[in-house]
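Spelled out from the first residue to the last, the chains are:
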Number of protein chains: 2
Amino acid sequence: MKVSKFGGTSVASAEQIKKVANIIQNDPKRKIIVVSAPGKRFESDIKVTDLLIRLAEAALNTGEAEEELQVVLARYEEIAIGLGLDNEIVEVIEADLRERLQLNREHHELFLDQLKASGEDNNAKLIAAYLKSIGLNGKYVNPKEAGLWVSDEPGRARILPEAYENLKNLRAVDGVIVFPGFFGYSKEGTIVTFARGGSDITGSILAAATHAELYENFTDVDSVFAANPKIVENPAKIKRMTYREMRELSYAGFSVFHDEALMPAFRHSVPVCIKNTNNPSAPGTMIIAEREYIQNPVIGIAADKGFSTIYVRKYLMNRELGFGRRLLQILEEEEVSYEHMPSGIDDTSVIIRNHQLTEEKEKQIIQKIREQLEVDDVFIEKGFAMVVLVGEGMHNTLGISARATTALTKAGVNIEMINQGSSEVSLGFGIHEEDTDKALRSLYEEFFSMKTIMQ
Amino acid sequence: MKVSKFGGTSVASAEQIKKVANIIQNDPKRKIIVVSAPGKRFESDIKVTDLLIRLAEAALNTGEAEEELQVVLARYEEIAIGLGLDNEIVEVIEADLRERLQLNREHHELFLDQLKASGEDNNAKLIAAYLKSIGLNGKYVNPKEAGLWVSDEPGRARILPEAYENLKNLRAVDGVIVFPGFFGYSKEGTIVTFARGGSDITGSILAAATHAELYENFTDVDSVFAANPKIVENPAKIKRMTYREMRELSYAGFSVFHDEALMPAFRHSVPVCIKNTNNPSAPGTMIIAEREYIQNPVIGIAADKGFSTIYVRKYLMNRELGFGRRLLQILEEEEVSYEHMPSGIDDTSVIIRNHQLTEEKEKQIIQKIREQLEVDDVFIEKGFAMVVLVGEGMHNTLGISARATTALTKAGVNIEMINQGSSEVSLGFGIHEEDTDKALRSLYEEFFSMKTIMQ
């Protein structure tokens, strides 16, 4: 059996959901379907999740949110009509939303989470109803009833080990299970949402728990590309890649897959396939445990903006046992995690993602470093990007860094930082944000143009 | 005025000490002379410091050390005769050594330190006597009497701030002060020795305290070379370099100067000159605060063997706030300091110097990492070398890393680690030890051969 997850654009409209039904029909192994909330139908459209946030905020701020509720219901109604369903399912959804709006509003975050999670939950009910209506025996299954227990960390829930045993029983359910992504339940029975990419996480967990032969992840692209097609013209399609490669690429800016989502599949050795709902016959990209890498040592190049550097200088720093540890401790106290920490003799830079910093935190960090570590100098610099070459073959190929640095130099990109040395499958460069596109293009040219491959 | 320090080979024999006297005579500004213990006169010779260690060990182990004592005295006597001094100075030295041998032997380390320090101390007395005998008004000054107060950390003493005030008074002393290097006194009056390169530290401290216009460091080479002359044929001489450059180079294997020794001079802006006792008219190498760097962005290339890597892998490590801090904490508990810490998403390597590890510590570290951090994998790999390019101009020059990685690749050197990103004046490569010489030669060829410079 297979677990198939359909992302927001794949379930955004009646037309899309019909494609989903076709895909399910075409392969009887597709037994568990994980769905997102309806996403954007066109560039300027608003996702249902965002409509639900507006609804929740209106309710919290003014106590009155009927208008916002109607906007949400209109989306579901339009889909239901398009799918030829009667009004019963819309009534179910309306009742559900009105019930959620009655929930305790004192804990804003919790209230918001309950409403956000309804996007996936109600879409699953709707899609199950549609599958039933066309004779596919669709069955909506609620995460609570299935025993998808998670830790009580709103917005970053982690699955509890016991949940796997519960979810295993889904194998025995008759028909096509339609399961909402994005959230689970704490042992106290409260909805708790996963991190960004939450529906991917749900799909991956279900695939792992049911020992699926494949976890299919349907999106709106034919495959994962070797570089961002918005920047590099017509980039190569990746046919097969390893979990490690996918993780490194999504960490460094590939938005196809949230890296955390791969963990359950990886841990339970379930292969993953990225496919296109709009072109299901395309082979897609397989993500597996191992692959051969004869042709090209580099499989993909990612680029991500939004990094900052905390620069710290102190004479004889390298003689001071515990300096690095104390520096990281200060960041930890401020709940800031770091990406890399290149170090000289008398200086260390800590590279972090901007989104972790606020003006207040920056001030706190600088002040603590200055006072507790008695440094000669400390400052935060922004505007960095990381460009990362990824590939299983890189470690065994001489001269990757020479080719990469030469390509960057030819493109006039100043290399501020190089991260090589721990991961065997990646080589990262810290550069200025404004150089990101030309860095990506020049590296792509070096490692993927025919000229290079033919050499 | 100038402070001039003479190393072991510069004061190893009567002949050498006569050169020192000539050097002092040639410049009346040379007011404070810091001396080492007599060093090697020829390749297979034994340094007096090593003879003193034998003496101390014999006394500790057998209680009887007359033979070893006579060997030490014979060295001083030979020098005294060669300098035309009568036996009085040898008797002073003999009495001093016999007195030290009577000291409390319960604290082995302290007893050893007292005897080791006598090498410099008695040589200073001898040289002062010689200077007096030739009419140069030599004056032996003892560190205790001068107020060279240090922290009570045998083998790694640090100067106490108050000491600077005391030592300032040396400016007012008439004649040529001869001051023993390598040790100071704790506030309790005990001899405490400095780290490796201790006489350099003494010289640097005195130069800083007396606001000398120059700190001269006399050795047996004409200058600092851009690369190790034992590996690179006829390397370029460095005329001027900055403190930072010298520190980076000595950290990474240049043995001319112990990096810690530069601190006092650097902090008090005293320029340093490395000169040759055997060829004092050569200009030597000046170490200063700033320099122009128009010709070559790289000033020197250092290589150092003896590094190990602790490799740690854990899935989703980068999501675990505090992981890096806890890893460093374990090393800190074992009193192991780290050099670099390159990190991937799921793995981190910590690069450390081998000499910090014992079999016992390795086991401890591995076990603690495994148990406390619950990692998927951890192991220690040995046999790494660091090759470091140093130069003030590097940060402003595009393509340094491209040229360096290309040169290494051409030489068939696999780059295991790149450290770039914090220090503006250095770029380091982790490689396998067996590649060290070819790496150094290929980088030298790239950055220093005429061909390259002429381009």
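Not measured: the values here are computed from a predicted model. (Residues numbered from 1 in each chain as written. Chains lettered and ligands numbered in written order. Predicted model: local features only at pLDDT ≥ 70, side-chain atom pairs only at ≥ 80, totals over all residues. Heavy atoms only, no water.)

## Observations regarding the relation of the copies chain B and chain A
The operation relating the two chain copies consists of a rotation about an axis and a shift along that axis. Expressed as a screw operation, the relation of chain B to chain A combines 0.0 Å of axial shift with a rotation of 180 degrees, fitting to an RMSD of 0.2 Å. Taken together, the rotation and translation relating the two chain copies correspond to the operation of a two-fold axis. Same-surface contact between copies: 100% of interface residues of chain B are shared with the interface of chain A. (Least-squares fit on C-alpha atoms with pLDDT ≥ 70 in both. Contact = heavy atoms within 4.5 Å.)

## Things to note about the sheet that holds strand S16 (residues 417-420) of chain B
Pairing is antiparallel in the open sheet, where 10 strands are placed in the order S14(A)-S13(A)-S15(A)-S17(A)-S16(A)-S16(B)-S17(B)-S15(B)-S13(B)-S14(B). Of all strands in the sheet, those bounded by a partner on one side alone are strand S14 (347-353) of chain A together with strand S14 (347-353) of chain B. Pairwise comparison of adjacent strand axes, ignoring direction, gives a mean angle of 30 degrees for this sheet. Where strand S13 (residues 300-313) of chain A lies against strand S15 (residues 377-390) of chain A, 11 bridges are found, and the strand directions are antiparallel. (Pairing = 2+ DSSP bridges. Helix = DSSP H or I, 4+ residues; strand = E, 2+ residues; numbered from the N terminus. Axes fitted to C-alpha atoms, helices over the stretch in contact; angles between N-to-C directions.)

## So, the UniProt feature "binding site: substrate" (unreviewed entry) in chain A
Residues and elements named next belong to chain A. Under the UniProt annotation, "binding site: substrate" (unreviewed entry) lies at Thr49 and Glu120. In terms of the greatest pairwise C-alpha distance, the residues named above, spread along 72 residues, form a tight cluster of at most 8.5 Å across. Within the secondary structure, Thr49 sits in helix H2 (residues 48-62). With residues up to four places along the chain from it excluded, the contact list for Thr49 reads Ala37, Lys116 and Glu120. Within the secondary structure layout, Glu120 lies in helix H5 (residues 108-133). With relative accessibility at 5%, the residue Glu120 sits in the buried group. Not counting residues up to four positions away in its chain, the partners in contact with Glu120 are Val35, Ser36, Ala37, Thr49, Pro180, Gly181, Phe182, Phe183 and Ser199. A polar atom in the side chain of Glu120 sits 3.4 Å from the backbone nitrogen of Ala37. (UniProt positions renumbered as here; feature names shortened; annotations may be inferred. Buried < 20%, exposed > 50% of the residue type's maximum accessible area, 1.4 Å probe, protein only. Polar contact = N/O pair within 3.5 Å; in protein donor to acceptor, adjacent residues only side chain to side chain.)

## As for the interface of chain B and chain A
Taken together, the contact pairs 58 residues of chain B with 58 residues of chain A. A combined buried area of about 5,300 Å² lies between chain B and chain A, and 51% of that area is made up of carbon and sulfur atoms. Across the pair B:Glu332 and A:Arg325 runs a salt bridge whose closest N-O atoms are separated by 2.7 Å. Put simply, chain B and chain A have 16 residue pairs in polar contact (both at pLDDT 80 or more) between them. Going through the elements one at a time, helix H9 (243-251), helix H10 (262-267), helix H11 (323-333), S14, helix H13 (400-410) and S16 of chain B are the ones with two or more residues in the side of chain B that touches chain A. Tallied by class, the residues present in the side of chain B that touches chain A amount to 20 nonpolar, 24 polar and 14 charged. Of the pairings in the sheet, the one linking strand S16 (residues 417-420) of chain A to S16(B) comprises three bridges and is antiparallel in character. Bridging across to S16(B), A:Gln420 finds its partner in B:Ile418. (Buried area = accessible area lost by both parts, 1.4 Å probe. Salt bridge = Lys/Arg side-chain N within 4 Å of Asp/Glu carboxyl O. Nonpolar A, V, L, I, M, F, W, Y, C, P; charged D, E, K, R; others polar.)

## So, the environment of B:Lys144
Residue and element names in this part refer to chain B. Its place among the elements puts Lys144 in helix H6 (residues 143-146). Using a relative accessible area of 46% as the deciding quantity, one classes Lys144 as partly exposed. Counting along the chain gives 159 residues from Lys144 to Ala303, while the straight-line C-alpha distance between them is 39 Å. Contacts of Lys144, omitting those with residues within four sequence positions, involve Tyr185 and Gly189.

## Points about the side chain of B:Gln356
Residues and elements named next belong to chain B. Here Gln356 is to be found in the loop between S14 and helix H12 (359-373). By relative accessible area, Gln356 is classed as buried at 14%. At 2.7 Å, the side chain of Gln356 and the backbone oxygen of Ser337 are in polar contact. Setting aside anything within four residues of it in sequence, one finds Gln356 in contact with Glu335, Val336, Ser337 and Lys361.

## Considerations on unusual backbone geometry
Residue and element names in this part refer to chain A. Phi at Asn137 is positive, roughly 55 degrees, even though this residue is not glycine. Within the secondary structure, Asn137 is located in the loop between H5 and strand S3 (138-140). We classify Asn137 as partly exposed; its relative accessible area is 35%.

## Concerning the side chain of B:Ser199
Its location among the elements puts B:Ser199 in helix H8 (residues 198-209). On the basis of relative accessibility, which here comes to 6%, the residue B:Ser199 falls in the buried class.

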